[in-house]
Amino acid sequence: QVQLVESGGGLVQAGGSLRLSCAAAGRTFSTYPMGWFRQAPGKEREFAAAISRSGNVILYADSVKGRFTISRDNDKNTVYLQMNSLKPEDTAVYYCAAATTTAQTMKYYGAADYWGKGILVTVSS
């Protein structure tokens, strides 16, 4: 089992940037594909980005492609989401997730096995 804790959220103006971090407890972090999901007010949770165990496979939702960058540091047990050119429609609670399957499963099935509690990102217009 792995415990995930997000940080780095907050309020930012449209066009600005934020970097989310997700620290994982446990020595098996490198064995999990990791991802970020988000849930906007009144909407269902949706996939944003995923990265494979070694980082050689990276997947994005079309809505964030070209603006967001997911990365991981297996030595620090941390996954990051760099968010640039933020838009008001990026406002959501962002969740870090770990899977026992693949990054592709996270993207195409929205499936993960472990979830953080989420962190709020608010983008003002």
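First, a word on scope: everything that follows refers to the structure included in this document.

Definitions and cut-offs
- Along each chain, numbering runs from 1 in the same order as the chain's sequence is written.
- Local features in this predicted model are restricted to residues of pLDDT 70 or higher, and side-chain atom pairs are both shown and tallied only at a pLDDT of 80 or more, whereas totals for entire chains, interfaces and linings draw on every residue.
- Excluded from the side-chain calculations are hydrogens and water; all other atoms, namely the structure's heavy atoms, are used.
- Take a side-chain nitrogen of Lys or Arg and a carboxyl oxygen of Asp or Glu: if they are within 4 Å of each other, that pair is a salt bridge.
- The numbering of helices and of strands both runs from the N terminus, where a helix is a DSSP run of H or I of at least 4 residues and a strand a run of E of at least 2.
- Accessible area is worked out with a 1.4 Å probe on protein chains only. A residue is then buried under 20% of its type maximum, exposed over 50%, and partly exposed in between.
- Definition of a polar contact: a pair of N or O atoms within 3.5 Å, with one able to donate and the other able to accept a hydrogen when the atoms are protein atoms, and with sequence-neighbouring residues admitted only if both atoms are side-chain atoms.
- Contact between two residues is taken to exist if any of their heavy atoms lie within 4.5 Å; hydrogens are not considered.
- Here, the term nonpolar core denotes a set of buried Ala, Val, Leu, Ile, Met, Phe, Trp, Tyr and Cys residues that are joined through side-chain atoms within 4.5 Å.

Quick look at the pattern of salt bridges now. Scanning all chains against the criterion turns up 4 salt bridges. A salt bridge links Asp-90 to Arg-38; its shortest N-O distance comes to 2.8 Å. With Asp-90 in the loop between β8 (78–83) and β9 (92–98) and Arg-38 in strand β4 (residues 34–39), this pair connects stretches of sequence that are 52 residues apart. Across the pair, exposure class does not vary: Asp-90 and Arg-38 are buried alike. For Arg-67, the salt bridge is made with Asp-90, and the minimal N-O distance between the two is 2.7 Å.

Within the element layout of this structure, Thr-91 appears in the loop between β8 and β9. Among the polar contacts listed, one links the side chain of Thr-91 to the backbone oxygen of Pro-88, at a separation of 2.9 Å. Polar contacts involving the side chain of Thr-91 include one to the main-chain amide nitrogen of Val-123, which spans 2.9 Å. Contact partners of Thr-91, with chain neighbours within four places excluded, come to Ala-40, Pro-41, Val-121, Thr-122 and Val-123.

Located in the positive-phi region is Asn-77, a residue other than glycine, with phi close to 55 degrees. Topologically, Asn-77 is positioned in the loop between β7 (68–73) and β8. The class for Asn-77 is buried, based on a relative accessible area of 17%. The phi dihedral of Ser-85 falls on the positive side, at around 50 degrees, and the residue is not glycine. Looking at where Ser-85 falls in the secondary structure, it is placed in the loop between β8 and β9.

This next bit is on the nonpolar core. Ranked by size, the top nonpolar core spans 39 residues in total, and within it Met-34, Trp-36, Val-79, Leu-81, Met-83 and Tyr-94 carry the most contacts. Residues in contact with Val-79, not counting those within four places in the same chain, are Leu-20, Ser-21, Cys-22, Phe-29, Met-34, Trp-36, Ile-51, Ile-70, Ser-71, Arg-72 and Cys-96.

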